[in-house]
Amino acid sequence: MYRDPVESLEPLHHRPAAIRTLRVGMIGIGTVGSGTFRVLARNRADIAARAGRSIELVIVAARNLQRAAGILGEGVALTADAMQVATHPDVDVVVEVAGGTGPAREWVLAAIAHGKHVVTANKALLAVHGAEIFAAAREKGVIVAYEGAVAVSIPIIKALREGLAANRIEWVAGIINGTTNFILSKMRDEGLDFAAALAQAQALGYAEADPTFDIEGIDAAHKLTLLAANAFGMPLRFADAQVEGITALQGVDVACAEQLGYRIKLLGVARRQAAGVELRVQPVLVPATHLMAQVNGSMNAVMVKSDAAGLTMYYGAGAGSEQTASAVIADLVDVARLDGVHAARHVPHLGVHAHATNALAVVPRAAVHTSHYLRVPVHAVGQIQAVAACLAERKVPVRQVALAAERPGAGPQVLVLTGPVEQGALDLAVHALQARAEVAGAVATLRVESLEG
Ligand code: HSE
């Protein structure tokens, strides 16, 4: 008989045929929790038909009980004690949408210890404590599902796990933070300043409780960690990711990139190399004509390059209440259907052959190989050739050199697009350039991603 290598790792945890109502306990009734409640109530019949049984919210834990009662009305028990939901005997699955990594870890581990499945949209929790949580879930034979944690409305975990199951994944790249994409779009299209654009994103419920997670690229790195684990079968390596947000990005570079035919996007990239996997979040130049450059506002998009399907791309809302609820409920439907099937299928790094790929290391920054954009302030326009020559001497392939359009109050600036070069070599060349007499100020560098095969 055929034995799946994943299933053969440990005995199956069989449960009786599940046809009764799936009883849900939810921790948190903020942006995502209230959306989940609304969509569950509104589409109750269709969701039950798809799940093969009804899904019922039986208890909710909230910090503000009065506010929660106003949202939930009658019929759902309320408690201020999240642990009561996590361990409740009448709950089959715990939906954790409170966020954070401290108490949330305790609640999720308690739920698992009590034999409950968990659905969460908490990317920080899984990126940081995922190894412990997935190991506990595997031990108990329960599912931890997290579609809502990554690019909320886009079923990208399902796409990697199911739709692209035949493929070897080469790379995954995407705009996976709605808040920063919203800010970049508002700054570019409406000339809003950074603080005003961030305030709007917060008012619309897109930003994390601590928006530093968004603007410093941390939230995107949490999501990238989960994508890489699913794509490459590597363990969750958040601590090894290179993370750069948009706070150091200068308006002048947004304008200069446009002049060269590019747009700047905060991109998460996980790319397989011979030596391991690049795992990085940073603002990069993408060609203005590329679909990725057309992803604006709080929308997200993820591209996947795989060996059989080739390039595929997924687009949808990257933040929002019902947009995240859509994914949370899809996970509940999955739990309703899969209750009884081996839970290791939901461990991200066991979704592909663990033995062959678990050793994948994260490639150090110096070994990342991409093209680059440089903006070099000089004293005189005639010094453009000296800049190009200095880079060529250091074996940096120069593809394009131009003068930036004049800006009031700014001196001449040389713009350079390089061919692919290792980051370590580029750093040395920039260091040399910086020391040249012709160079009048700090050299700005950003990576360029062609996002082609
Ligand atoms: N703060 C997150 C974002 C919410 O802006 O993408 C969705 O994960």
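Residues numbered from 1 in each chain as written. Predicted model: local features only at pLDDT ≥ 70, side-chain atom pairs only at ≥ 80, totals over all residues. Heavy atoms only, no water.

Q: Just to check I follow, could you spell out the pattern of salt bridges for this structure?
A: Throughout the structure, instances matching the rule amount to 24 salt bridges. The partner of arginine 105 in a salt bridge is glutamate 106, and the shortest N-O contact between them spans 2.8 Å. Take glutamate 106: its relative accessible area is 41%, and that puts it in the partly exposed class. For the salt bridge of aspartate 219 with lysine 223, the shortest nitrogen-to-oxygen distance reads 2.5 Å. On the criterion of helical spacing, the pair formed by aspartate 219 and lysine 223 is a turn pair, its members being four residues apart in helix 11 (residues 218–232). For the pair shown, aspartate 219 and lysine 223 are each scored as buried. The network of salt bridges with common partners includes Lys123, Glu208, Asp219 and Lys223. (Salt bridge = Lys/Arg side-chain N within 4 Å of Asp/Glu carboxyl O. Buried < 20%, exposed > 50% of the residue type's maximum accessible area, 1.4 Å probe, protein only. Helix = DSSP H or I, 4+ residues; strand = E, 2+ residues; numbered from the N terminus.)

Q: Would you take a moment to explain the site of the ligand for this structure?
A: Every residue lining the ligand is accounted for by Lys123, Val152, Asn177, Gly178, Thr179, Tyr206, Ala207, Glu208, Asp214, Asp219, Lys223 and Gly318. Within the contact set of the ligand, an oxygen atom lies 2.7 Å away from a backbone nitrogen or oxygen of glycine 178. At 2.8 Å, a side-chain N or O of aspartate 214 approaches a nitrogen atom of the ligand. Here the ligand loses 94% of its free accessible area of 250 Å² to cover by the protein chains. Contributing elements (two or more residues each) for the shell around the ligand: helix 8 (178–190) and helix 11. Residues belonging to the shell around the ligand are distributed by class as follows: three nonpolar, four polar and five charged. (Near = heavy atom within 4 Å. Polar contact = N/O pair within 3.5 Å; in protein donor to acceptor, adjacent residues only side chain to side chain. Areas by Shrake-Rupley, 256 points an atom, 1.4 Å probe, with all protein chains shown as cover. Nonpolar A, V, L, I, M, F, W, Y, C, P; charged D, E, K, R; others polar.)

Q: Hey, could you run me through the environment of alanine 68 in this one?
A: Tracing the backbone through its elements, the reader meets alanine 68 in helix 3 (residues 65–72). Exposure remark for alanine 68: the relative accessible area of 0% places this residue in the buried category. Sequence-distant contacts of alanine 68, defined by excluding residues within four places in its chain, comprise Ile29, Ala62 and Leu78. (Contact = heavy atoms within 4.5 Å.)

Q: Help me out: how do you make sense of unusual backbone geometry in this one?
A: Apart from glycine, the bulk of residues carry a negative phi angle, and the bulk of peptide bonds sit in the trans form. Even without glycine at this site, alanine 151 takes up a positive phi of about 50°. Given the relative accessible area of 0%, alanine 151 is considered buried. One non-glycine residue with positive phi stands out, namely lysine 395, at about 65°. Counting through the fold element by element, lysine 395 comes out in the loop between helix 15 (384–393) and strand 14 (398–403). A relative accessible area of 70% places lysine 395 in the exposed class.

These results come straight from atomic positions and should not be treated as a statement about function.
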